[in-house]
Each structure stands twice: as structure tokens, then as C-alpha cells.
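Spelled out, the chains give:
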Amino acid sequence: MTLLSVNLNKIAVLRNSRGGREPDICRAAQTCIEAGCGGITVHPRPDMRHVQPHDVRALAAMLRGRVEYNIEGNPFAGARGDYPGLLALAREVRPTQVTLVPDSDGQITSDHGFDLRRDIAQLRPLVGELCDLGCRVSLFVDAGSQDFDLAAVIGVQRIEIYTGPYAEAFADGQPAAALATCADTARRAQQAGLAVNAGHDLSQANLGTFKAAIPGLAEVSIGHALIGEALYEGLATTVRNYLQILR
């Protein structure tokens, strides 16, 4: 079975927009665990606009020994203010997996992966340190990427395929070419000895088609669509509960 890791960034975005503690990210994680998810994902950024270091630490304390904990982020972004840097957080909380993503402050969301041939030398010492901490290391890559043997040599254990273009093509009713590129990327990574994760804009609508095309898919990380779908599906029930109180 492919593991579902729920990305809770959007819970933090909603909380931060108002201030205070609600909605509570640990309560959200607990709800997901009780529903059967196999992992929790967060993506702290130096600008602190959603998940923050105190969230990373609080989740680590409650998740330990229960489900997998995946922390995403840019390993090249240094400490800034209250943000200590991705590697510093990994040293503190020792997550199950660290997914390295080449995002910048100006990006609203991650929208591209590493160029392995260009970036591998800079990644090597960082991957080595994370492996020494006992973290599984995954690299965020574009569909169509190559040179996975270079990643395997430095200790990377997984890739995460950026599925945004596939999701967009699916929504347009023409997913075949993008899906074939993802499937070919997965095959080449697996041939290099790497397991395959996937994430970005996967949803209930497009996930089944994607999974069927990627034999051995290890994990999907889903946040934006999942939180939105949960909002719509739960909103009617919550409104009815309020109306019952008001009767």
C-alpha cells in the first residue's frame, strides 16, 4: 500500500492569518492519524508564513513512534530570525524523512525540482549529515529528470516527483503525456535503487490514475487538495451542528 502523508501547512496558514492557537496543528495531526494516515508532512520556510519551528518541535513530540514524520525544505536557506535552518531542525527532531526542495522565499509553493547534475556536489555533504542523523533523504525532482545514479551514490534513498504538471494536464482532460513522463521518471529512479514518492496538487480526482501508472509508489504527500476537500465535505455537517445548538 502506498503511504499517505498529510501535509499540514494549510492548517498553519489559517491559524497564522488570525493569530492565536486555532486551528491547532497537533489536533489536526491527531485527527489524520485516527483516520489512518501513515505520515505527517510539514514544510517550514525562513519567512515563517505557515508551519513554524515551534510546530515542527510540537509535532515531533506527539508523532514519535506513531507515524512517519516528513519535513520538507530548502537545505541551502540559512538561519534567519527564529528560523534555525532545515538541517538545524532535523538535528533537533530527527524526523523519519527529510525531503530536500529547491524553493526560494519568493515562491508561493514549490514549483520545480533539483537539477541533479548541477546540484549534486552541493547536496553531497548535506545528504551525508542527514543520513548520519538517521533520516531518510528524498529529493524533490521534476518529471523527466535523469542522473538518479548520482543521487544514489551520495546516499539519497528516495525521490519525490513534482506532480503539478500532471495535475494540471489531468484537469485539462489530457493527462496521458504528463503521466507517461512521471511513469518513466519513476522507472529510472527505481532502476537506480531509489524509492519513489510523489506530491503537489494530487487529489481524489487524479490520484487513482497516477497510482495505477506508478508501480511500487512508496508515498504521496498531499495537503492543499486534501484540506480543501475536507473543508467542503465537513462544512455541511458543522453548519448543521451549529443550527442544532441554535434551535
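Residues numbered from 1 in each chain as written. Predicted model: local features only at pLDDT ≥ 70, side-chain atom pairs only at ≥ 80, totals over all residues. Heavy atoms only, no water.

If you look the protein up in an unreviewed UniProt entry, it shows as Pyridoxine 5'-phosphate synthase from Rhodanobacter soli. The UniProt entry for the protein carries the following text under Sequence similarities (unreviewed entry): "Belongs to the PNP synthase family." Among the UniProt annotations of the protein, the heading Subunit (unreviewed entry) holds the following wording: "Homooctamer; tetramer of dimers." (UniProt positions renumbered as here; feature names shortened; annotations may be inferred.)

Caption draft 1: Spotlight on the pairing of strand 8 (residues 219–222). Across the two faces of strand 8 the burial is the same, with E219 and S221 and V220 and I222 all buried. By the bridge criterion, four bridges tie strand 1 (residues 3–7) to strand 8 in an arrangement that is parallel. Pairing of L3 across the sheet is with E219, part of strand 8. Pairing geometry for strand 7 (residues 195–199) and strand 8, over three bridges, is parallel. Across the sheet, residue N197 finds its bridge partner in strand 8, namely E219. Handedness of the β-α-β unit built from strand 7, helix 9 (residues 207–213) and strand 8 comes out right-handed. (Buried < 20%, exposed > 50% of the residue type's maximum accessible area, 1.4 Å probe, protein only. Helix = DSSP H or I, 4+ residues; strand = E, 2+ residues; numbered from the N terminus. Pairing = 2+ DSSP bridges. Right-handed = clockwise from strand over helix to strand, strands pointing away.)

Caption draft 2: Just the UniProt feature "binding site: 1-deoxy-D-xylulose 5-phosphate" (unreviewed entry) in the protein, in detail. Using the residue numbers shown here, the UniProt feature "binding site: 1-deoxy-D-xylulose 5-phosphate" (unreviewed entry) corresponds to R45, H50 and T109. Here H50 shows up in the loop between strand 2 (39–42) and helix 3 (53–63). Filtering out sequence-adjacent residues up to four positions away, H50 remains in contact with N9, A12, V13, R15, N16, H43, R45 and D55. (Contact = heavy atoms within 4.5 Å.)

Caption draft 3: Spatial organisation of the packing of helix 3 against helix 4 (residues 86–93). Interhelical geometry of helix 3 versus helix 4 gives an angle of 25 degrees and a closest axis separation of 10 Å. It follows that helix 3 is roughly parallel to helix 4 by the angle criterion. The hand of the helix 3/helix 4 crossing is right-handed. Residues P53, V56, R57 and A60 of helix 3 form the contact with helix 4, whose own contacting residues are L89, E92 and V93. A class-by-class count of the residues in the contact of helix 3 with helix 4 yields five nonpolar, no polar and two charged. (Axes fitted to C-alpha atoms, helices over the stretch in contact; angles between N-to-C directions. Parallel < 35°, antiparallel > 145°, perpendicular 65-115°, else oblique. Left-handed = near helix turned anticlockwise from the far one by under 90°. Nonpolar A, V, L, I, M, F, W, Y, C, P; charged D, E, K, R; others polar.)

Caption draft 4: Up close: the nonpolar core. Counting residues in each nonpolar core, the largest one holds 66 residues, and the members touching the most others are L8, I40, L59, Y69, L100, L139 and F210. The contacts of L139, once residues within four sequence positions are left out, are L100, F114, L116, L123, A151, V156, R158, I159 and E160. (Core = buried A, V, L, I, M, F, W, Y, C linked by side-chain atoms within 4.5 Å.)

Caption draft 5: Looking closely at the packing of helix 7 (residues 164–171) against helix 8 (residues 176–191). The contact between helix 7 and helix 8 brings their axes to 8 Å, and the two run at 155 degrees. Taken together, helix 7 and helix 8 sit at an angle that is classed as roughly antiparallel. Helix 7 and helix 8 meet at a crossing whose hand is left-handed. Here helix 7 contributes P165, Y166 and A169 to the contact with helix 8, which in turn contributes A178, L179 and C182.

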